[in-house]
Amino acid sequence: MTKTKYLIIGNSTAAVNAVEAIREKDRLGSLCLVSDEPCHTYSRPLISYYLGNKVEEEQLFYRPSSFYYLNKVQAFLGDKVVSLDCANKQVVLDDRTGIQYEKLLLATGGAPFVPEMPGQNLSGVFTFTTLDDAQQVKKFIASHQVKKAVVVGGGLIGLKVTEALLALDIQVTIVELADRILSATFDRTASRIIERALKGIGCACLTNSTVKEIREGEPGRVGSVVLKDGTQVDCQLVIVAIGVRPRVDLAREAGISVNRGILVDEHLKTSVDDIYAAGDAVEAYDLIAQAARPIAILPTAARQGKIAGYNMAGAPKAYEGGIPMNSVELAGVPTISVGLTDPSTLADGERRNGMEVIQDYREKDSVYKKIVLEDNRIVGIILVNKIDRAGIYTGLIKDKIDIASFREYLLKDDFGLLSLPREYRKHMVTGQGIEI
Ligand SMILES: Cc1cc2nc3c(=O)[nH]c(=O)nc-3n(C[C@H](O)[C@H](O)[C@H](O)COP(=O)(O)OP(=O)(O)OC[C@H]3O[C@@H](n4cnc5c(N)ncnc54)[C@H](O)[C@@H]3O)c2cc1C
């Protein structure tokens, strides 16, 4: 049985930040890390750019290969933790290795959701959340005549894969269950702009639709998909990108409190003493929603990993809460969404009625700026094609600044630091106001 002071399950953003935070406070305490991915830590958001040949494989690795050695980490890579015994403070790996810990971090991230559908085991059907997925898809494309692909799911991951496939001259059809793509992060207008841009580069978006069946073409391989209305779409490749769910099975089976994600307190401690959780796996405080919920983005995982690491190493620090945000170029269109972008989705009617939207939509130029206000404070933005002031808006959201005195400038193209009150401007320049 291996014994360690700190044990981290996971080897991605939350885990790496936790390692660094622990080592800031405790240089020598023994530290083990286990990940069922066999490779060194890599940037998950870049895997679609790797597929599309925009970045080389080496560029995915954002920490040097000496990272574990320099941080005195005993890394078990390619090993899965199959059980957790909270009472005896130990885990068991799939090769039956036992590890006993004093403090544990669950940084288990998310797992892709794949609904049952006939044909899903045919060669040419993939999910797309890991480097291994990206390598497999790349290999498949290189060794087969892939001319047409179907991407199931029009969310952020589906669209990032679509971009990569289009860059490889593969014709893509997106199939989306909702009545528009990007429905989780955008409003109708922003979704339509991206749908139009995709159409402009030859990509079809079939909304209000779903794949009923994947059919065989050549023996054992994908040849087409059949949609719920019976339409058949020929393709040699299917990427299932319906969504990612917090990976909570280990925690749940161990008796740790779980909802959609692992539940944590403000110190990111779970319902069990000495066990912490961070990143995509958790449901932590969302400053805008004013409730706990999963925010599956990299900056949140990094921040939570760091804070969990400090707390594990005996340096108490509270997590102040996160804000959902996405900054991504889709079909050549730069976009940013932050916070609550569509008040109509709010369940709390009273809060919804207290919100106000100001916007500037220039349809011909596909420029869209939308600001959601609550009590004269910005709680959400969408920027499409004009994103250069995103950092300032995000600072105003985080710092809960009353915008009454400069509201009339908010949507102007020359809105900038000079439009802000002098005192806040000083904070923006010298403090932590701008961060995106
Ligand atoms: C294709 C794609 C594009 C993305 N693009 C963006 C973007 O543009 N911007 C952005 O902010 N975010 C983006 N994200 C989200 C971002 O990657 C995640 O928020 C971030 O990776 C979360 O980090 P994490 O450490 O919480 O978990 P993860 O990165 O999910 O890592 C969890 C790790 O834990 C391991 N693990 C889980 N359970 C076990 C177990 N039982 N035993 C051993 N190991 C285990 C997993 O194998 C994995 O290595 C993207 C995600 C994907 C998939």
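Structure: above.
Everything numeric in this text was worked out from a predicted model, so none of it was measured.

Before going further, it helps to spend a moment on the sheet that holds strand β12 (residues 211-216). Pairing between the strands of a sheet is mediated by backbone hydrogen bonds and can be parallel or antiparallel. Strand order in this open sheet of 3 strands is β12-β13-β14, and the pairing throughout is antiparallel. Either end of the sheet is taken by a strand with one partner, and the two such strands are β12 and β14 (232-234). For this sheet, the mean angle separating the axes of adjacent strands, direction not counted, is 25°. Across 5 bridges, the pairing between β12 and strand β13 (residues 222-227) is antiparallel. Paired with Ile-214 across the two strands is Val-225, which belongs to β13.

Ranked by internal contacts, the top residues of the largest apolar core, which has 50 residues, are Leu-84, Val-91, Leu-105, Leu-106, Ile-256 and Ile-275. Counting residues per element, this core draws most heavily on helix α1 (residues 13-25), at 6 residues. Leave out the neighbours within four places in its chain, and Leu-106 touches Ile-9, Leu-84, Leu-250, Ala-251, Ile-256, Ile-262, Ile-275, Tyr-276, Ala-277 and Ala-278. Ranked by size, the runner-up nonpolar core spans 42 residues in total, among them Leu-60, Leu-131, Ile-194 and Val-328.

As a structural note, the neighbourhood of the ligand is formed by 32 residues, with Ser-12, Asp-36, Glu-37, Arg-44 and Lys-160 the closest of them. In this structure, an oxygen atom belonging to the ligand sits 3.2 Å away from a main-chain N or O atom of Thr-13. Between the ligand and the protein, one listed contact pairs an oxygen atom with a backbone N or O atom of Ile-297 at 3.4 Å. Per-element tally for the shell around the ligand: the top contributor is helix α8 (residues 298-312), with 3 residues. Of the residues assigned to the shell around the ligand, the class counts are 14 nonpolar, 10 polar and 8 charged.

Along the chain, the position of Thr-108 falls in the loop between β6 (98-106) and β7 (110-112). According to the relative accessible area criterion, Thr-108 is buried, its value standing at 18%. Looking at Thr-108, its side chain comes within polar contact range of the main-chain oxygen of Arg-247, at 2.9 Å. Setting aside residues up to four positions removed in sequence, Thr-108 forms contacts with Ile-9, Arg-247, Ile-262 and Ala-281.

What counts and how
Residues numbered from 1 in each chain as written. Predicted model: local features only at pLDDT ≥ 70, side-chain atom pairs only at ≥ 80, totals over all residues. Heavy atoms only, no water. Pairing = 2+ DSSP bridges. Helix = DSSP H or I, 4+ residues; strand = E, 2+ residues; numbered from the N terminus. Axes fitted to C-alpha atoms, helices over the stretch in contact; angles between N-to-C directions. Core = buried A, V, L, I, M, F, W, Y, C linked by side-chain atoms within 4.5 Å. Buried < 20%, exposed > 50% of the residue type's maximum accessible area, 1.4 Å probe, protein only. Contact = heavy atoms within 4.5 Å. Near = heavy atom within 4 Å. Polar contact = N/O pair within 3.5 Å; in protein donor to acceptor, adjacent residues only side chain to side chain. Nonpolar A, V, L, I, M, F, W, Y, C, P; charged D, E, K, R; others polar.

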